Amino acid sequence: MEQTKFLLDESEIPRRWYNVRADMPSAPQPVLHPGTGEPVGPDDLAPLFPMALILQEVSEEPEIAIPDEILDLYTLWRPTPLYRARRLEQAAGTRSRIFYKYEGVSPPGSHKPNTAVAQAFYNKKEGRTRLSTETGAGQWGSALAFACKLLGLECKVYMVRISYDQKPFRRSMIQTWGAEIVASPSEDTQCGRAILEQFPDTPGSLGIAISEAVEDAAGRDDTSYSLGSVLNHVLLHQTVIGQEALAQMEMARAFPDVVIGCVGGGSNFAGLAFPFLREKIAGRDIDLLACEPAACPTLTRGLFAYDFGDTSKLTPLVPMHTLGHDFVPAPIHAGGLRYHGVAPLISQLVIDGLIRADAYLQSDVFTAAVLFAGSEGIIPAPESAHAIHGALEVAREADEAGEERTILFNLSGHGHFDMAAYDNYFAGKLEDVALDEEEIERALHAIEGLPAPA
Ligand SMILES: Cc1ncc(COP(=O)(O)O)c(C=O)c1O
């Protein structure tokens, strides 16, 4: 019998996070203070983040040791399984081999706790007692609520309005882990009230919810802001995924030609891909593919520019691919991918030609999700289904070229709280939104006058 699952022992959980900055051919450009245009220093970030995370944000060390307390928390769900998707290969009729790393086995159901427990740990160590954050689909909000509960911190979650309405049970989950949750934009912050006054019916966006969570943290000494993606330290924490996958692919006596992940802010993609990128930089031939929604095509159609990370311009200026900080993506069901920007590390690596990106329509993504559920059994999160569609596209192209590929993708989460989206798909009610050029041009007006990357 051919093996399906490749499992590591708890003793094989990686002891270090991998920092891609140490190996990048071009250093990422600095984050700038919007007032002075100068690079921000650790002191500028201190009101929002604990110093340990700020130091990880700017670190150029290739590896950073994972504290024992965090490793102990990781044992609740790590190591995660790697699967050979033989049944999916058969259903798709491909000659290629498809593997996936499954992060949905964590208690909240996605990769997000890999950084949530680390962030909660360092905040607690430096005396903060409360964290504020945004959430799109609710995966990040539930991961941080879970981490705060385990570590005894308070947590306030600003959840993007459209997901708050579409995913009521993610809300209940966040409450079960003891966090306070409110729909964003909310009446609880100045920027939330200002946006509601101008756009009372807005579906919200991650950019708006980030503004609210940052305002919340900046106004209270006991509170830090916590971000579930985009920042260097968040991507760093996720590299446990790729390190485990390297060992598991070796168990399967295989090595991927293509490594694939969906991209919202970029953390699950980076988590799987960066340890393989290290191999690529060392000379191995690997194609790294980032998959995004056509409704929010940041990497494929955005501009590489300095922009704010949030809608109300409270964050520093970040060098990244962006659609403009006031861009409100259409209310597609992959709520976690509705972000106007992307991680600066990924942006730089796309510019340098080490990572490529592709964008997909949500009906194609759900077709792939249903094929996957029907063959592998797991019902994927709509975000993760972008990676499944990407993997099937790569397999199809290889078949058409008469080639065989070994494909590895990140199944970043399950979709058990996304069944309303599946309902809409089965009822034929999913709208395919491909953004027109005029809307992109309009949204990019928001960054006029900001400094340009070198
Ligand atoms: C299951 C899942 N995958 C992917 C993402 C996208 O985030 P990132 O690009 O940071 O991995 C999210 C975000 O909410 C998510 O919930």
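A. Quick look at the packing of helix H16 (residues 362–376) against helix H17 (residues 382–400). The interhelical angle for the contact between H16 and H17, taken along N-to-C directions, is 85°, at an axis separation of 8 Å. Considered as vectors, H16 and H17 are oriented roughly perpendicular to each other. Residues Asp 364, Val 365, Phe 366, Ala 368, Ala 369, Leu 371 and Phe 372 of H16 touch H17, and the partners they reach there are Pro 382, Ala 385, His 386, Ile 388, His 389 and Leu 392. Here the residues of the contact of H16 with H17 sort into ten nonpolar, two polar and one charged.

B. Region of interest: the packing of helix H5 (residues 113–125) against helix H6 (residues 139–151). Look at H5 against H6: their axes get within 8 Å of each other, and the N-to-C directions meet at 40°. One element, H5, and the other, H6, form an angle in the oblique class. Between H5 and H6 lies a crossing of right-handed hand. Counted together, Pro 113, Thr 115, Ala 116, Val 117, Gln 119, Ala 120, Phe 121 and Lys 124 of H5 and Trp 140, Ala 143, Leu 144, Phe 146, Ala 147 and Leu 151 of H6 form the full contact between these two elements. Across the contact of H5 with H6, the residue classes tally to eleven nonpolar, two polar and one charged.

C. Fine view of the sheet that holds strand S8 (residues 180–184). In space, the four strands of this open sheet follow the order S8-S7-S6-S9, with parallel pairing throughout. Strands with a single pairing partner mark the edges of an open sheet, and in this sheet they are S8 and strand S9 (223–225). Direction aside, the axes of adjacent strands within the sheet are offset by 20° on average. In this structure, strand S6 (residues 130–135) lies alongside S9, joined through three bridges in parallel fashion. Pairing of Arg 130 across the sheet is with Thr 223, part of S9.

D. Representation of the site of the ligand. Near the ligand, the surroundings consist of 18 residues, among which Ser 229, Gly 264, Gly 266, Ser 267 and Ser 412 are the closest. Between an oxygen atom of the ligand and a side-chain N or O atom of His 111, the distance comes to 2.9 Å. Surface burial for the ligand is 98%, taken as the share of its 390 Å² of free accessible area covered by protein chains. Where the shell around the ligand is concerned, the elements lending two or more residues are helix H13 (267–281) and H17.

Calculation criteria
Residues numbered from 1 in each chain as written. Predicted model: local features only at pLDDT ≥ 70, side-chain atom pairs only at ≥ 80, totals over all residues. Heavy atoms only, no water. Axes fitted to C-alpha atoms, helices over the stretch in contact; angles between N-to-C directions. Helix = DSSP H or I, 4+ residues; strand = E, 2+ residues; numbered from the N terminus. Parallel < 35°, antiparallel > 145°, perpendicular 65-115°, else oblique. Contact = heavy atoms within 4.5 Å. Nonpolar A, V, L, I, M, F, W, Y, C, P; charged D, E, K, R; others polar. Left-handed = near helix turned anticlockwise from the far one by under 90°. Pairing = 2+ DSSP bridges. Near = heavy atom within 4 Å. Polar contact = N/O pair within 3.5 Å; in protein donor to acceptor, adjacent residues only side chain to side chain. Areas by Shrake-Rupley, 256 points an atom, 1.4 Å probe, with all protein chains shown as cover.

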